[in-house]
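# Chain and residue survey
The primary structure of each chain is shown beneath.
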Amino acid sequence: MTAAPREPALDLSPSPGDEVVATTCYMCACRCGIKVWLQDRSIRYIQGNRDHPVNKGVLCAKGASGIMQHASPARLRKPLLRVGERGAGEFREIEWDEALDIAVSWLKPIRERNPDELAFFTGRDQSQALTGWWAQQFGTVNYAAHGGFCSVNMAAGGLYSVGGSFWEFGEPDWDHARYLMLWGVAEDHDSNPIKLGLGKLKTRGAKIVAINPVRTGYGAIADEWIGIRPGTDGLFAFALVHELLRADRIDLDFLVRYANAHWLVVDHPGGADDGLFARDADGNPLCWDARARVATDANAIDIAPAVVGSYALADGRTARPVFQLVVDRYLDPRYAPDAVSERCGIPADTIRRIARELAEAAFDSKLSLPIAWTDSWGRAHASMEGRPVAMHAMRGISAHSNGFHTCRALHLLQLLLGAVDAPGSFRYQPPFPKPVPPGNRPGKARGPEGVLDAAPLGFVHGPEDLVVDAQGRPRRIDHAYSWAYPLSAHGMMHTVIRNAWAGDPYKIDTLLMFMANMGWNSAMNTRETIAWLTDKDANGEYRIPRIIYSDAYASETVAYADLVLPDTTYLERFDAMSLLDRPISDADAASDAIRHPVFDPATQPGADGRPRDVRGFQSVLIELGARLGLPGLVHADGSPKYRDYADYIVRHERAPGVGLLAGWRGVDGESEGKGAPNPRQLQRYIEHGGFWHAPIPASARYYKMANRDYLQWAQRFGFVPDDRPIVLQLYSETLQKFRLAAQGHGPHQPPPEHRQRVATYFDPLPIWYEPFEHDQTSREAFPLNAVTQRPMFMYHAWGSQNAWLRQIAARNWLYLHPDTGARHGIADEDWIEVASHHGTITVQAKFAANVQPDTVWTWNAIGKRKGAWRLAKDAPEGRQGFLLNHLISDVTPKGDYANADPVTGQAAWFDLRVAIRKVEARDESAPQFAPLGFDQADERPLRYGAGFRARREAGRR
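What counts and what doesn't
Residues numbered from 1 in each chain as written. Predicted model: local features only at pLDDT ≥ 70, side-chain atom pairs only at ≥ 80, totals over all residues. Heavy atoms only, no water. Helix = DSSP H or I, 4+ residues; strand = E, 2+ residues; numbered from the N terminus. Rg over C-alpha atoms; globule rule 2.2 N^0.38 Å. Buried < 20%, exposed > 50% of the residue type's maximum accessible area, 1.4 Å probe, protein only. Contact = heavy atoms within 4.5 Å. Areas by Shrake-Rupley, 256 points an atom, 1.4 Å probe, with all protein chains shown as cover. Pairing = 2+ DSSP bridges. Axes fitted to C-alpha atoms, helices over the stretch in contact; angles between N-to-C directions. Salt bridge = Lys/Arg side-chain N within 4 Å of Asp/Glu carboxyl O. Phe/Tyr/Trp six-rings, centres within 6.5 Å; stacked < 30°, edge-to-face > 60°. Lys NZ or Arg CZ within 6 Å of the ring centre and 35° of its normal. Core = buried A, V, L, I, M, F, W, Y, C linked by side-chain atoms within 4.5 Å. Parallel < 35°, antiparallel > 145°, perpendicular 65-115°, else oblique. Left-handed = near helix turned anticlockwise from the far one by under 90°. Nonpolar A, V, L, I, M, F, W, Y, C, P; charged D, E, K, R; others polar. Polar contact = N/O pair within 3.5 Å; in protein donor to acceptor, adjacent residues only side chain to side chain. Right-handed = clockwise from strand over helix to strand, strands pointing away.

## Quick look at the overall build of the chain
- A tally of helices and strands in the chain yields 26 helices and 34 strands.
- Here the C-alpha radius of gyration of the chain, 28 Å, is about what a compact globule of 957 residues would show, namely 30 Å.
- Residues classed as buried in the chain amount to 64% of the 957 residues present.
- Put simply, 70% of the contacts in the chain that link residues at least 6 apart link residues at least 24 apart.
- With the model as given, the accessible surface of the chain reaches about 33300 Å², and the carbon-plus-sulfur share is 50%.

Next comes the structure, spelled out in structure tokens:
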């Protein structure tokens, strides 16, 4: 008799639940695809979506911990109206109708009186395609977004140079790169795609070089770590440029074919045309045809353009090619490796070796892809020739007062190697590249209905685009697009609270903020920021009269609001990851995605068991716009045009046929890119896993700036206005226009106090200068650099309240090299005082050899204010956690300008200089602030899975 087969003792592939929903993660800005598993309609498990183009199934600790983000005890429950003093955290709960009535009663008189009295500033909201448009309809110039204190140097540096940038607009060619340089890249952002890419490089044996003062994450697996001194990356890049020029290891063909290396620059010192491009009667830039010995259209192809020399133009002026200016500047001995070595902290021999390795990888690899393509001039090519040197850069080089030019320096280095969108190099992600600079200028004039002539954020092409009054004074409360910070393409969130408090350049009435923790870890000058939010005038009225704030959690900033509009968690809302905003494309395809509600918030009680009555901020904003009667948000009869944000996503058109989502457009859903609204569009996205993905034709995937097939494909999608080639800019005429204005030329000139600043920093070729805090403080008094590093396991403040992620790190230390400790008489785990020119903190030190010895560092955003985030009253984040923000001033040591880049206004978080000394041991870090008066935190552990286990046991019984 044959025995019956035995049942396996273990189920090796158990189902995580009884239902699965595909959506998009929101635990960082990576926007990975996830599958949310439910059991009995309760969240059970989150896994990566293998079909999603961003992460291909890979999920990090943050993404998996979305369960505890959704279950956070800090979730707000209902709208709140302040009843105590600002900062006390004393509120009464109100209903939504009352909350919206109050908001309208504040906002309606502003719009009728002067829309600029509303300042609308948003954090990492990922919906700027809506929020910026809403501000435009309201008519306020005072709108800004997160990038102003995070990445605008990166974006502007790239968009004014190569029509794209690092960060979210481009990526390394992971499949073909043989040499990768990571400049200032932390692990918090875009981490899953980068991990996938690094895995490919390691498998193929490509070399990875990490340039960062701190060696964590990616740097830890790099083949070589360059422990650079903060703020000197641009100087290091120039030394590499110097070596490449000296050895004649550059791609001149690339520079002439795709960049403006051969364009003639007028040489007329003191003249109004000095430094501008020589142009013909039709405005075309000129070059010198060495064969015909005449100046001719630089866009022509059957010529022999000169790249060095000086030439007489037909009108008697002289001009030199851009490349000649590049050679003259960067072959200067001040950029030689021996000259920059000590300042950068990198041996000169290492610099020379890295330059050789770059050249060998770029030019000796002979990478060639057998893919036929046609360039913008109609010339057919049988293959795509590679330059397999790739670069990626992030906040570490961007968050300095010299960050804009440092970003441009990296693009100059790429251009000289021909390593921009060639096989193996940096690659554009659709909808980039864009014309240089992009065509959309910042809005500043209001029409008859009070609507701005353009969105408040955009790209300045010359002094005429600044948002200033007739005397050249700033018109925006943050001073963005003024003579102080002309190219501030994302606005300046870090200046709005000081300026609103000071009434500079005028008083505002209401500050509306969304998901921007400006009362704590997003504040430079934290103590004074708190004081500005609570300061009163001689009449006892708050200097910032009204503050409306929306957040999903009881953050530190909630306590300073007068009206709180509670947001949902990301599993309870609709969102659009739009190509109009911050795309999720990869280099081979255009992509966008949605988030959609996995849960109705009404069914998701708070930590106290009471029901929650919360709404997605985007839907609230749309309802506010309708109640205010804003154009575009109401019909002719005044009725609301959109039901909610989901309805807006589907039916709103930015231009005919162009909406927030590019997939399944047209009434029948068969169009992509452009097409009429499709009523079933969101359902089609949901059926497809929450995303849309359109591959670029194989012939169009490289040389996108001058690839006929790509530009025609991009034009069809609306990414570019036409299929003309996009010329990469070694030399920026836009910057030179500002320098000429500072020298007294043209109808738009800076006020006297800004002339020298503009003339100095608006150099048309990349420059390097000491970061302002380094230059304006004593190196003897403050001998160390201090930076924050974002951990791979946390992103922003709302990650470090997460119960699972807190088990990885619930407090931070100030990390210093053992040699640094020895120099200062400090032992491992000693308590130390850390002082800057602005303030002091007292924290606990920890030795770590993964840091450049003249630099100290810590993890960012772990320190919490007691009483916030519904953490236990003795939570380590509040007792021993800390912020370096307390040491960072919002103005320069001289106090004359914001602590920011002079070109873009980006916050210079990483310019901090400090001194350290040992102090007596203590129990808590300092400073400590009075605990916020939110509802008392529940001291019991936040448990996950107990309910599932109880139900399972009950079922067995």
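## Some remarks on the sheet that holds strand 3 (residues 42-48)
- Pairing is antiparallel across the open sheet formed by three strands, whose spatial order is 1-2-3. Each of the sheet's edge strands pairs with one partner strand only, and the pair in question is strand 1 (19-24) and strand 3. Strand-to-strand twist of the sheet, defined as the mean angle between neighbouring strand axes without regard to direction, takes the value 30 degrees.

## Looking at the pattern of salt bridges
- Inspection of the entire model under this criterion finds 68 salt bridges.
- R92 is the salt-bridge partner of E98, the closest N and O atoms lying 2.9 Å from each other.
- Residue R473 pairs with D469 through a salt bridge whose shortest N-O separation is 3.0 Å.
- Residue classification places D469 among the partly exposed residues on the basis of a relative accessible area of 25%.
- Within this structure, D97, D101, R615, E623 and R627 form a network of salt bridges that share partners.

## Notes on helix 10 (residues 322-330)
- Among the nine residues in helix 10, eight count as buried, and that is most of the element.
- Those residues of helix 10 that fall on the buried side of the exposure criterion are V322, F323, Q324, L325, V326, V327, R329 and Y330.
- Against the buried residues of helix 10 lie helix 8 (233-246), helix 9 (252-258), strand 12 (264-266), strand 16 (318-321) and helix 14 (403-417).

## Things to note about the sheet that holds strand 10 (residues 207-211)
- Across the sheet, four strands lie side by side as 11-10-9-21; this open sheet has parallel pairing. Two strands lie at the open edges of the sheet, namely strand 11 (224-226) and strand 21 (389-393), each paired on one side alone. Between one strand axis and the next, the sheet turns through 15 degrees on average, direction left out of account.
- Contacts between helix 8 and the sheet are confined to strand 9 (179-183), strand 10 and strand 11, with strand 9 contributing the most and set at about 150 degrees to the helix.
- On the sheet, helix 14 packs against strand 9 and strand 21 and is oriented at approximately 170 degrees with respect to strand 21.

## A few points about the packing of aromatic side chains
- Applying the stated criterion across every chain yields a total of 44 aromatic pairs.
- Geometrically, the ring pair formed by Y761 and Y769 is tilted, given 4.7 Å between the ring centres and 55 degrees between the ring planes. Residues Y761 and Y769 agree in their burial class; the two are buried.
- When the ring of Y761 is compared with that of F772, the centres are 5.6 Å apart and the planes differ by 70 degrees; the resulting orientation is edge-to-face. Of this pair, Y761 sits in helix 22 (residues 752-761) while F772 sits in helix 23 (residues 772-776), and the two are eleven residues apart along the sequence.
- In this structure F772 comes out as buried when scored by relative accessible area, which is 8%.
- Joined through ring pairs, the aromatic side chains of F120, W134, F138, Y143, F514 and F617 make up one cluster.
- For the cation-ring pair, K434 lies above F432, with the distance from its terminal atom to the ring centre recorded as 6.0 Å.
- Taking NZ or CZ as reference, R811 lies 3.8 Å from the ring centre of W813, over its face.

## A few points about the nonpolar core
- Within the largest apolar cluster, 301 residues are counted, with the highest numbers of intra-cluster contacts made by W183 and F236.
- When neighbours within four sequence positions are excluded, W183 is seen to be in contact with I211, D233, F236, A237, L240, M391, H392, A393, M394, I397, L410 and L413.
- Counting nine residues, the second largest nonpolar core, distinct from the first, contains L264, W288, A306 and L313.

## Here we look at the packing of helix 15 (residues 493-502) against helix 16 (residues 526-534)
- Two numbers describe how helix 15 lies on helix 16: the axes approach to 9 Å, and their chain directions differ by 40 degrees. In terms of orientation, helix 15 lies oblique with respect to helix 16. For the pair helix 15 and helix 16, the crossing hand works out as left-handed. Contact residues: helix 15 offers I497, R498 and W501, while helix 16 offers E528, T529, W532 and L533.
- Here the contact of helix 15 with helix 16 is composed, by residue class, of four nonpolar, one polar and two charged.

## Digging into the packing of helix 11 (residues 337-344) against helix 12 (residues 348-363)
- As a packed pair, helix 11 and helix 12 sit with axes 8 Å apart at the nearest point and diverge in direction by 115 degrees. Here helix 11 and helix 12 pass one another in a crossing that is right-handed. Taken together, the residues of helix 12 that come into contact with helix 11 (itself represented by P337, D338, V340 and S341) are A348, I351 and R352.
- Residues of the contact of helix 11 with helix 12, tallied by class, amount to four nonpolar, one polar and two charged.

## A closer look at the environment of S72
- In this fold, S72 is placed in the loop between helix 2 (66-70) and strand 4 (80-82).
- Remark: the alpha-carbon pair of S72 and G606, spanning 534 residues in sequence, is separated by 8.1 Å.
- Other than its neighbours up to four places away in sequence, S72 contacts Y553 and Q801.
- A polar contact is formed between the side chain of S72 and the side chain of Q801, at a distance of 2.6 Å.

## Describing the pairing of strand 9
- Among the five residues that make up strand 9, five are buried, leaving the element largely enclosed by the rest of the structure.
- Here strand 9 pairs with strand 10 via five bridges, running parallel. Counterpart to L180 in the pairing with strand 10 is I208.
- Remark: the strand 9/helix 6 (residues 191-204)/strand 10 crossover connection has right-handed handedness.
- Direction of pairing for strand 9 relative to strand 21: parallel, over a ladder of five bridges. Residue pairing in the sheet places L180 in a bridge with A390 of strand 21.

## Topic: the pairing of strand 29 (residues 784-789)
- The element strand 29 is largely enclosed, with a buried count of six among its six residues.
- Neither face of strand 29 is left uncovered, since the one carrying L784, A786 and T788 and the one carrying N785, V787 and Q789 both have all their residues buried.
- Direction of pairing for strand 29 relative to strand 33 (residues 855-859): parallel, over a ladder of five bridges. Considered in strand 33, the bridge of T788 is made with T858.

## Here we look at the side chain of S836
- Positionally, S836 belongs in the loop between strand 31 (831-835) and strand 32 (840-847).
- Beyond its immediate chain neighbours, meaning those up to four positions away, S836 contacts F782, L887, L912, R913 and V914.

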